[in-house]
Each structure stands twice: as C-alpha cells, then as structure tokens.
Amino acid sequence: MQMGFGLYQQQTLKLVMTPELRQAITILQYSAVDLLEFLRQQVTENPILDMSERHRELTTTDIAIEKKKNNHDDIDWKDYARANATGDETYYQKSMGTAQDYDPFNFISAGGTTLEENLLEQVAMLKDVTPVEKRILNFLIGNLNESGYLTISEAEAADILNTNVEKIEEMISLLQTLEPVGIGARSLAECLLLQLKAKPEENTLAMAIVEHHLEDLAEKRYQKIASSLKVTPQEVQQAADYLRTLNPRPGAEFAQGTPRYIVPDVTVEKVEDEYVVMVNESSTPNLTINRFYQRMLQKDEVDTVQRYIQDKLNSALWLIRSIEQRRMTLYKVTQAIVEEQRDFFEKGPSGLKPMTLRDIAEKVGLHESTISRATSNKYVQTPRGLFELKYFFTTGLNRVDGGAASSVLSIKEKIKALIDAEDKKKPLSDQKITDILVKEGIEISRRTVAKYREEMNIDSSSKRKRF
C-alpha cells in the first residue's frame with residue numbers, strides 16, 4: 001500500500017443546511033402567536049418588508065373559496081415581485097385578506113384588584129385602630145402569599161417591627177377577621193377552622209376532623225376517623241363533603257397570572273356532510289415589498305446600495321414563500337388528520353382511533369420530522385372544540401378478536417364512563433373494569449387500567465366508596 005501526499009478531484013453528495021432552509025423549518029414549527037412575533041422582528045431588521053395587520057370574518061362562501069384556493073399550487077413568486085413593482089396591491093391580497101386596524105387583544109379588560117389592595121382598603125376603613133397597629137397590619141398583609149397564607153412567623157415579625165409577640169398575634173387575629181374568610185391563616189387546618197367558625201351553623205364533627213385527622217381525611221380513611229371519633233362512617237363522609245365546600249386557598253381568587261391566549265392555526269367546519277379545512281390567516285399580517293426600494297432597484301447603475309437592497313429583497317421573497325409553504329403544509333396535514341379521524345368529528349373522543357406521525361407522513365408524502373414540526377404548538381378549532389393537533393396522534397391497544405386497535409384516549413373514556421355509572425356503595429375495582437373491557441374485546445391488563453385511572457386523577461375503588 002502506497003502512502004503519500006497529492007491533489008485529487010472527487011465528487012461528493014451531502015446535505016447542507018442553508019440559512020434559508022433553516023428559516024423555513026423554524027417558521028413551520030412556530031405557533032400563530034410566535035409567528036406574529038417573528039414576523040414583526042423580521043420587518044424591523046429588513047427595510048424591504050412592509051407589514052400591515054388584517055382581520056376579516058369567514059362566511060360560508062369564503063369556506064368554498066378557501067377550499068379551492070388550498071388545492072392550488074404554490075404562488076408564482078416572479079409574478080408576485082412583478083405585481084409589487086408595478087404597484088398592483090390586489091395580487092396576493094385577494095388570497096390573503098385585506099388590511100384592517102382591528103386588533104381583538106385591544107378589547108381585553110385589565111386585571112382586577114389584587115389581594116393586597118383589597119385588604120389594605122379594608123384596613124383603611126377599620127375604626128379604633130392606632131397608626132402603629134395599621135403599620136403592623138400592612139406589614140402582615142405584605143407577607144401573605146398568593147393563597148392568602150401568612151409566610152412569616154410571629155417572632156420574626158415582632159423582631160422586624162420592634163414589638164412583642166403578643167401584639168403581633170393580636171394583629172394576626174384582627175387580620176383574620178377581614179374578607180375573604182380564612183385569610184391570614186398559617187396552615188391549612190387554621191384556614192379551614194376560620195371558615196368553619198364563620199358559618200352560622202356549628203359543625204363540631206368537621207372541626208374535630210380538621211383538628212385531629214386532616215391527613216386521614218386527605219387519604220379518605222373514613223373508617224379510621226369514625227372509630228377514633230366514635231361516629232359512623234356515614235357521618236364522617238357527610239362531614240368530608242361539607243369540608244369540600246370550603247376554600248383552602250382564599251386568596252387565589254385575587255391571583256393575577258399572565259394570561260396565555262390560544263389562537264387556532266387551523267379551523268375545521270362542517271359544510272353539509274363534508275369537513276372543510278381552513279388555515280387561519282387572519283392572525284398573520286400581510287407582508288408586502290416597499291415601493292421605495294423597488295424603484296431604487298430599477299436604476300441602471302449597480303452600486304453597493306443596490307446590492308444590499310437586492311439581498312434584502314431575496315430574503316423578503318424567501319420569507320414570504322416560507323410562510324406560504326407553512327400554510328400549505330398545515331392545510332395538507334390537517335386535511336389528512338380529518339380524513340383519518342372522521343369518526344372523532346362524528347362521535348367525539350370515543351371515535352378517536354390510533355394514529356402515528358408515520359401514518360400522516362405517508363399519506364401526504366412528507367417526512368415524519370416535518371409532520372412533527374407542523375403539529376407542534378398548533379391548535380385546530382373544530383365543531384367539537386379547540387384541540388392541539390398532537391391530540392389526534394395516539395397509540396392503541398389491540399383487540400382480542402384481532403380487529404382494529406383501540407385508541408388509548410377512547411379506552412380512558414370507557415374507563416371514566418364505567419366509573420361514572422358505577423354503584424357508589426360498591427365501586428368497581430380495577431380488576432372488575434379490566435374484566436368488563438376484555439369482554440368488550442379490548443386486550444388490556446389490570447395494571448394498565450390502574451395507570452390510566454391515575455392519569456385521569458380518579459381515586460381507587462376504596463376511596464370512591466360511599467357509605
């Protein structure tokens with residue numbers, strides 16, 4: 001074998017991830033809200049692009065037009081650039097909608113009063129309270145968490161405010177007289193007791209359970225509680241039902257989290273006996289090419305400015321093409337899902353059948369990774385409600401007779417329906433539910449039934465029993 005240095009020519013074939021391809025992949029996996037934010041950033045960075053908001057309602061006629069439009073091939077981008085160069089704004093706006101100044105998010109009301117503001121207003125109206133006591137109350141209110149519980153000890157508060165513990169305890173008791181009832185508690189037991197004492201009727205059994213058997217109550221050990229308090233299990237269960245009417249987090253009604261708005265990327269409407277898929281374009285702004293820079297490109301001389309503008313124009317056209325490809329991919333994928341899961345749209349979750357990314361990938365002629373990106377963080381508005389596109393992809397369980405597999409979600413629906421219809425005095429065990437499902441031809445184990453039941457936050461049969 002000879003070894004040495006030399007120059008050789010060799011042809012190789014390899015996949016190169018260009019910036020344009022990476023951008024197209026990124027745009028595909030964006031949700032409607034994320035895409036809007038991304039486009040706003042692109043318009044800021046690219047002076048060639050102009051963006052205008054648009055909003056219009058879809059009618060039944062629009063649905064038919066949308067269906068025809070989705071069946072067309074990709075837009076001729078040369079015609080698009082030529083139309084913009086001549087100032088023809090009707091091209092592409094006919095298929096993308098008209099610009100409007102309406103923004104539905106501008107009509108969302110601001111948040112209400114916070115827990116701290118509510119309590120401070122009540123403190124300001126208290127009579128026979130000295131300025132020092134109000135200062136202590138305001139300090140205690142500032143140390144309440146979102147649930148309304150006091151997060152600082154009496155000793156720590158007394159040390160910070162340079163007063164005695166007895167005075168802090170007195171002010172805590174005064175704080176606990178404010179609304180909502182249960183505010184200022186230092187534990188769950190104290191919170192429930194404050195609410196029980198505020199009730200016009202006295203429930204001594206419920207108080208005793210909260211004071212001595214709160215952990216047993218959480219685990220629904222009714223027999224143990226009944227034996228300890230010398231009462232019947234029925235009385236314990238009635239007291240437990242009464243305690244469930246109380247609020248363990250009295251301050252939660254004032255909690256103000258950041259709202260998360262979901263904008264459906266696709267809409268499915270039933271027109272006569274056919275389900276029509278429409279990609280939601282009202283949330284996507286209308287992108288056009290700035291005319292000023294178009295006129296600059298028409299000059300005969302080529303300079304650095306023209307080359308810069310040409311590069312930005314190519315980037316803008318690629319961006320617009322990527323958005324159109326995203327729209328077409330979303331349409332094709334959703335259309336395939338609707339065809340595969342037609343029983344779901346007709347019957348509900350019980351009609352959902354097993355479906356994988358590969359099934360849709362083979363149906364639309366795309367790679368599984370593309371299907372995964374197209375369905376990530378995307379929502380579809382259907383006649384049966386709003387669903388994430390990933391919801392329709394589910395594994396299945398084989399049937400005993402060798403027939404079609406059953407969806408895990410449909411199995412869960414069956415288990416929930418059996419539990420809802422059971423005799424509460426003799427609830428169905430996991431093994432009994434397993435036997436019922438096996439008789440229906442569904443091959444499933446008791447362990448799997450228990451797993452699905454726990455995933456639905458349903459208690460075991462011993463905890464569901466009513467005395």
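Just above sits the structure.
Worth saying up front: this structure is predicted, and the values here are computed from it rather than measured. (Residues numbered from 1 in each chain as written. Predicted model: local features only at pLDDT ≥ 70, side-chain atom pairs only at ≥ 80, totals over all residues. Heavy atoms only, no water.)

Chemist: Account for the sheet that holds strand E6 (residues 385-388), with residues named and values stated.
Modeler: With mixed pairing, four strands are arranged side by side in an open sheet as E3-E2-E5-E6. Pairing within the sheet leaves two strands with one partner each, and these edge strands are strand E3 (274-279) and E6. When the angles between neighbouring strand axes are averaged without regard to direction, this sheet yields 25°. Of the strand pairs in this sheet, strand E2 (residues 266-271) and strand E5 (residues 379-382) are connected by two bridges, and their pairing is parallel. Looking across to E5, one finds that Thr-267 is bridged to Gln-381. (Pairing = 2+ DSSP bridges. Helix = DSSP H or I, 4+ residues; strand = E, 2+ residues; numbered from the N terminus. Axes fitted to C-alpha atoms, helices over the stretch in contact; angles between N-to-C directions.)

Chemist: Requested: an account of the packing of aromatic side chains, with residues and values cited.
Modeler: Applying the stated criterion to the full structure yields 10 aromatic pairs. Seen in terms of ring centroids, Phe-344 and Phe-345 are 5.3 Å apart; in terms of plane orientation they differ by 80°. Their pairing is edge-to-face. The residues Phe-344 and Phe-345 share a single accessibility class, namely buried. Relative to Phe-392, the ring of Phe-344 has its centre 5.2 Å away and its plane inclined at 85°; by these criteria the two rings are edge-to-face. Of the two residues, Phe-344 is situated in helix H17 (residues 342-347) and Phe-392 in the loop between E6 and strand E7 (396-397); the sequence distance between them amounts to 48 residues. Grouping residues by exposure puts Phe-344 and Phe-392 together as buried. Grouped by ring-pair contacts, the aromatic residues Tyr-275, Phe-344, Phe-345, Phe-387, Tyr-391 and Phe-392 constitute a single cluster. (Phe/Tyr/Trp six-rings, centres within 6.5 Å; stacked < 30°, edge-to-face > 60°. Buried < 20%, exposed > 50% of the residue type's maximum accessible area, 1.4 Å probe, protein only.)

Chemist: Please set out the nonpolar core residue by residue, giving values where relevant.
Modeler: Soluble globular proteins tend to bury their nonpolar side chains together. In terms of nonpolar packing, the biggest core is built from 25 residues, with Val-268, Ile-337, Phe-345, Ile-360, Val-380 and Phe-392 touching the most fellow members. Counting only elements with at least two residues in this core, the list comes to E2, E3, helix H16 (304-340), H17, helix H18 (357-364) and helix H19 (368-375). The element best represented in this core is H16, accounting for six residues. In this structure, Phe-392 is in contact with Ile-337, Gln-341, Phe-344, Phe-345, Leu-352, Met-355, Val-380 and Phe-387, ignoring residues within four places of it in sequence. Membership of the second largest hydrophobic core comes to 20 residues, among which are Leu-119, Leu-161, Leu-175 and Phe-254. (Core = buried A, V, L, I, M, F, W, Y, C linked by side-chain atoms within 4.5 Å. Contact = heavy atoms within 4.5 Å.)

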